[in-house]
Amino acid sequence: MKLGLDVGQVMSLVVEKTAKLLGVDGAAVELVDGDEMVYEAAAGIATPQIGLRLKRNASISGLCIEKQSPLICHDSETDPRVSREACRQVGLRSLLVMPLIHCGEAVGVLKAMSAKRNSFSEEDVVLLGLLAELIAASMYFAALYDENELFHKATHDSMTGLANRGLFIDHLRNAIARSRRDGHASGVLMIDMNSLKKINDQYGHRSGDAVLIEFAKRIQSCARTSDTVARLGGDEFGVVLTSVESEEKLDMAIGRFYHEIRKEPFEFNGRQYDLSASIGAAYIPKEGNDALELLELADQRMYSVKQKHYANSLNR
């Protein structure tokens, strides 16, 4: 209830509680993405697998989506329905998979995992079904309110469609609260687009707006469903990264954002624009538990990176 419409945080909370309530080694939420299933939230032994993609037609999760009913695998080494290689990668031996039904359609699964064989009973099926309903209800209400034009305008940036500053701060505070509650680290990024003013001055605001929208798309493409990407104003963006295992993983995430932003020039009206950014980060909870102080820290680091970028451009 406290997490409100933050579906990503609801998924993270449910997988944590699933592992504890069922007394198993891990849990995950996989969502449908075309012909693949993607790990969007995870706990326990599944935590390192966030972002893992499995073919729907080669996994028990895909079969669960097709049948829209719970499935139990008592031994992954002998069950032909599972991806044995993926099970070994995660470290599980038995699992229980429950479909997530949203508006009458199976959009994903909630999966409980054990490193031992024969770990699940019919009682576990009932309990996992109740937990799956929490996620499905969160999806339902998020979709219901998201269709409300006034609500969407109040929480999203009109140009890019990203979350606005208010929604971003709300999700950042949720991530901080979760780190206090469960000890799971998160990260916050401040991202500033380089050279937008120069583009506006030389080529006009229409070109500047097009470049800004493309910049937002590239940032969004790096994020998971459980993360929050927001336009904070002007050419400044923020990202809340959930379930960041270490500062090294946070640095790796920053590297992915840099790569995606700079991957190729953006073409608009016959002209090419090289996109680049300055990124600063703060690690939660190691570097603080106050949303505004963490943002200030990340912003200072971003500004330091921007100064170096500006100095390098003068020396070219």
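Everything below is about the structure shown above.
Residues numbered from 1 in each chain as written. Predicted model: local features only at pLDDT ≥ 70, side-chain atom pairs only at ≥ 80, totals over all residues. Heavy atoms only, no water.

Asker: What is the right way to look at the pairing of strand 8 (residues 228-233) in this model?
Answerer: Side-chain direction in a regular strand flips from residue to residue, so the side chains alternate between the two faces of the sheet. Within strand 8, five of the six residues are buried, leaving the element largely enclosed by the surrounding structure. Between the end of strand 8 and the start of strand 9 (residues 236-241), which pair antiparallel, lie two residues, with G234 showing a positive phi angle near 55°. (Buried < 20%, exposed > 50% of the residue type's maximum accessible area, 1.4 Å probe, protein only. Helix = DSSP H or I, 4+ residues; strand = E, 2+ residues; numbered from the N terminus. Pairing = 2+ DSSP bridges.)

Asker: Would you mind showing me how to read the layout of surface pockets here?
Answerer: A probe as big as a water molecule, rolled over the atoms, marks out the empty space that is left. Approximately 620 Å³ is the volume attributed to the second largest pocket. If you go around the second largest pocket, you meet 27 residues; those closest to its centre are I50, G51, C222, R224 and R256. Ranked by residue count, the leading element in the lining of the second largest pocket is helix 9 (residues 247-262), at six residues. Residues that form the lining of the second largest pocket fall into these classes: 13 nonpolar, six polar and eight charged. (1 Å grid on protein atoms, 1.4 Å probe; cavity = no way out; pocket = protein on both sides within 12 Å on 5 of 7 lines; lining within 4 Å. Points joined across faces, edges and corners; volume = space filled by probe spheres on them. Nonpolar A, V, L, I, M, F, W, Y, C, P; charged D, E, K, R; others polar.)

Asker: Would you mind showing me how to read empty space enclosed by the protein here?
Answerer: Counting across every chain of the model gives one cavity of 30 Å³ or more. Size it by volume and the largest cavity reaches roughly 80 Å³. As for the largest cavity, its lining consists of Y39, L54, S59, I60, S61, V82, S83, A86, C87, L92, L95 and K111. For the lining of the largest cavity, a count of residues per class yields eight nonpolar, three polar and one charged.

Asker: Please clarify how the packing of aromatic side chains should be interpreted in this entry.
Answerer: How two aromatic rings sit relative to each other is set out by the distance from centre to centre and by the angle between their planes. Following the criterion strictly, the structure yields two aromatic pairs and no others. Pairing Y203 with Y273 gives two aromatic rings, centres 5.6 Å apart and planes at 80°, and the pair type is edge-to-face. Separated by 70 residues along the polypeptide, Y203 in helix 7 (residues 196-203) and Y273 in strand 11 (residues 271-273) bring together distant segments of the chain. With a relative accessible area of 35%, Y203 lands in the partly exposed category. (Phe/Tyr/Trp six-rings, centres within 6.5 Å; stacked < 30°, edge-to-face > 60°.)

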